[in-house]
Each structure stands twice: as structure tokens, then as C-alpha cells.
Amino acid sequence: MIRAKYQIATPSVGAMLREEKTTKTKLGLEAARFTDEGRLVPDEMIVELARAWLAKHNGAFVFDGFPRTIAQATALDQLLEQRGTPLEIALSLDVDFETIRGRVSRRKVCEGCGRVLSVGWHVDSPDSACPDCGGKLAQRSDDTPEALKQRMIDYHEKSESLISFYRDRGILTRIDGAQAPEIVFADVVRISENA
Ligand code: AMP
């Protein structure tokens, strides 16, 4: 929705890692040992992906799921300083665990075009074809109860502190991410346009 409205890039490090795994690059296969178990991938690998992406793209962007540790946030600051484009907004989409669990259990990814879909929202059944390209819908290898549990542990141990990190800097906004997608998006639009 952000990409469609503002025509700006919305890079996702998680999506980059899934692509690297599918094409069986060294980095992708190494990172899969972490992602499949729901653990955060080591900072050096993640920062390298972000650095390579920023080196190739000049315009505005919204990173999705990056940074996820203070070390990554500090590295991002340095990369953006070199680029002359300091970070303007940090958004935290706050969602309670039960809602997360429900969303994860309904999430599918199209093997053809990579679109992320929710069963019951975008498609009726897990066996439906992708409405965009007709591709087969698959479950992410880390959308399992065990991996989700580990992702929550890593979130609390390593990512949650970013809330105070960006709050102290005065660029953090928290949004109720448990609302319907169009309401969350309306909040994102309001915050971005008033920043
Ligand atoms: P996501 O698609 O954002 O849910 O990310 C999927 C998985 O990729 C995460 O559970 C992590 O294993 C890994 N990952 C994505 N972004 C990061 C990041 N910034 N730092 C470390 N690991 C990440």
C-alpha cells in the first residue's frame, strides 16, 4: 500500500533472505540456518544486505523489518550519514501475541510472484491459486509454532529496545498494528505526511 501510494521502495531484508535462499546463494543458505528456526540472522550479514541495497538505490525508502538490533540501527545510521539521507521516521506496529499467532497461521506466500496473502482475507482457502498470477501458495518455512516462539524470544531480547532507542531520538511513532490493514495504513499516511 505504501509502495502504491507514494511510489517509493519498501525493501524487506526478510524477503531478500528468502530470495537468496531460493536461488541457493552462499549467504542465503547460511542465513536459512537461522531464519528456519526463527532466530535473527547475524548482524554482519544483515548490514551487508542493507548496505548493498542502499548502494544501488538513490531515492526514498521504507525498510520493513530492519533494523532489528541496536547494532544494526547504529550501522544504518552510518550508512545513511554517508548517503546524506538521515532517517526521518521509525514506525513500531504494535500487535498482541494472539493476533500475531492468528496472522502467522493464515499467512501464505505465492511461489510464483512472491505476493504475501492471508487466507480468509485475500483468498478463501489455503489451496487457492494466487489471485495475481495463478501461482501456488506456500507456507513460509518459519511460519511454524516453534519458529514463532523463537522469533518472539529474539524480539524481546534484541529488538524491543529499539523502541526506546528511536523514542529518545524523537522519531518514533507507535501504531496499533492489530487494526484492519486499511486503518493501519491510514495511520501510516497521517504520520508520514505530518512528519
Ligand atoms: P521477516 O520477513 O521480516 O519476517 O523476516 C524473516 C526472518 O528473516 C526473521 O525471522 C529473521 O530470521 C530474518 N531477518 C529479517 N530481517 C532481519 C534483521 N533485520 N535482522 C536479523 N534477522 C532478520
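Residues numbered from 1 in each chain as written. Predicted model: local features only at pLDDT ≥ 70, side-chain atom pairs only at ≥ 80, totals over all residues. Heavy atoms only, no water.

J.: Mind showing me how you'd approach the sheet that holds strand β3 (residues 116-118) here?
T.: By way of backbone hydrogen bonds, the strands of a sheet pair with one another, either parallel or antiparallel. With antiparallel pairing, 3 strands are arranged side by side in an open sheet as β3-β2-β4. Edge positions in the sheet fall to β3 and β4 (137-138), since each of these pairs with one other strand and no more. Those strands touched by helix α6 (residues 97-106) are β2 (107-110) and β3, and its axis lies near 35° from that of β2. (Pairing = 2+ DSSP bridges. Helix = DSSP H or I, 4+ residues; strand = E, 2+ residues; numbered from the N terminus. Contact = heavy atoms within 4.5 Å. Axes fitted to C-alpha atoms, helices over the stretch in contact; angles between N-to-C directions.)

J.: Help me out: how do you make sense of the packing of aromatic side chains in this one?
T.: Each pair of aromatic rings is reported with the distance of its centres and the angle of its planes. On inspection of all chains with the given rule, the structure shows 5 aromatic pairs. Judged by centre distance (5.9 Å) and plane angle (75°), the rings of Trp53 and Phe61 are edge-to-face. Residue Trp53 is classed as buried on the basis of its relative accessible area of 12%. Here the aromatic cluster, defined as three or more aromatic residues joined through ring pairs, consists of Trp53, Phe61, Phe63 and Phe66. (Phe/Tyr/Trp six-rings, centres within 6.5 Å; stacked < 30°, edge-to-face > 60°. Buried < 20%, exposed > 50% of the residue type's maximum accessible area, 1.4 Å probe, protein only.)

J.: Help me out: how do you make sense of the nonpolar core in this one?
T.: Generally speaking, a soluble globular protein has its nonpolar side chains buried in company with each other. The biggest cluster of nonpolar side chains holds 27 residues, and the ones touching the most others in it are Leu54, Phe63 and Tyr166. It is helix α4 (residues 43-56) that contributes the most residues to this core, 7 residues altogether. Leaving out residues up to four positions away in the same chain, Tyr166 has contacts with Pro67, Ala73, Leu76, Leu87, Ala90, Ile171 and Leu172. Of all hydrophobic cores here, the second largest spans 6 residues; its members include Leu117, Val119, Val123 and Cys130. (Core = buried A, V, L, I, M, F, W, Y, C linked by side-chain atoms within 4.5 Å.)

J.: Where do I start with the environment of Thr85 in this structure?
T.: Take Thr85: it is sitting in the loop between α5 (70-83) and β1 (90-94). Exposure remark for Thr85: the relative accessible area of 29% places this residue in the partly exposed category. Residues Thr85 and Asn194, spaced 109 residues apart in sequence, show a C-alpha to C-alpha distance of 18 Å. Separated by 3.0 Å, the side chains of Thr85 and Arg83 make a polar contact. (Polar contact = N/O pair within 3.5 Å; in protein donor to acceptor, adjacent residues only side chain to side chain.)

J.: I tried to follow the pattern of salt bridges on my own but got confused; where do I start?
T.: A side chain with one charge can pair with a side chain of the opposite charge if their charged atoms come near. With the rule as written, the count across this model stands at 14 salt bridges. Close ionic contact of Glu98 with Arg101 constitutes a salt bridge, the shortest N to O distance being 2.5 Å. Taken together, the residues Glu98 and Arg101, both in helix α6 and 3 residues apart, mark about one turn of the helix. Its salt-bridge partner being Asp143, residue Arg151 comes within 3.4 Å of it at the nearest N-O pair. Using a relative accessible area of 22% as the deciding quantity, one classes Arg151 as partly exposed. Here the residues in one salt-bridge network are Arg107, Arg140, Asp142, Asp143 and Arg151, joined through shared partners. (Salt bridge = Lys/Arg side-chain N within 4 Å of Asp/Glu carboxyl O.)

J.: Sorry, what's going on with the site of the ligand here?
T.: For the ligand, the set of nearby residues contains 16 residues, the closest of which are Arg18, Arg39, Arg68, Gln72 and Arg140. Within the contact set of the ligand, an oxygen atom lies 3.0 Å away from a side-chain nitrogen or oxygen of Arg18. Within the side chain of Gln72, one N or O atom sits 2.9 Å away from a nitrogen atom of the ligand. When the ligand is considered free in solution it has 480 Å² of accessible area, and contact with the protein chains removes 94% of it. No other element matches the 4 residues that helix α2 (residues 13-22) contributes to the shell around the ligand. Looking at the shell around the ligand residue by residue, the classes come out as 6 nonpolar, 4 polar and 6 charged. (Near = heavy atom within 4 Å. Areas by Shrake-Rupley, 256 points an atom, 1.4 Å probe, with all protein chains shown as cover. Nonpolar A, V, L, I, M, F, W, Y, C, P; charged D, E, K, R; others polar.)

J.: Honestly, the state of the cysteines in this entry has me stumped. Any pointers?
T.: In a disulfide, the sulfur atoms of two cysteines are held together by a covalent bond. Scanning the entire structure with this criterion turns up 0 disulfides. No disulfide involves Cys110; its nearest neighbouring cysteine sulfur is the one of Cys133, lying 3.5 Å away. (Disulfide = S-S within 2.5 Å.)

J.: Quick question: what am I supposed to make of the packing of α2 against helix α3 (residues 26-35) here?
T.: Helices that pack against each other are described as a pair by the angle of their axes relative to one another and the distance between those axes. Two elements in contact, α2 and α3, have axes whose closest approach is 7 Å; the angle formed by their N-to-C orientations is 120°. Between α2 and α3, the angle is such that the two are oblique. Where α2 crosses over α3, the handedness of that crossing is left-handed. The residues of α3 that touch α2, namely those facing Leu17, Glu20 and Lys21, are Leu27, Gly28, Leu29, Ala31, Ala32 and Thr35. The class makeup of the residues in the contact of α2 with α3 is 5 nonpolar, 2 polar and 2 charged. (Parallel < 35°, antiparallel > 145°, perpendicular 65-115°, else oblique. Left-handed = near helix turned anticlockwise from the far one by under 90°.)

Function-wise, these values are silent; they only describe arrangement.
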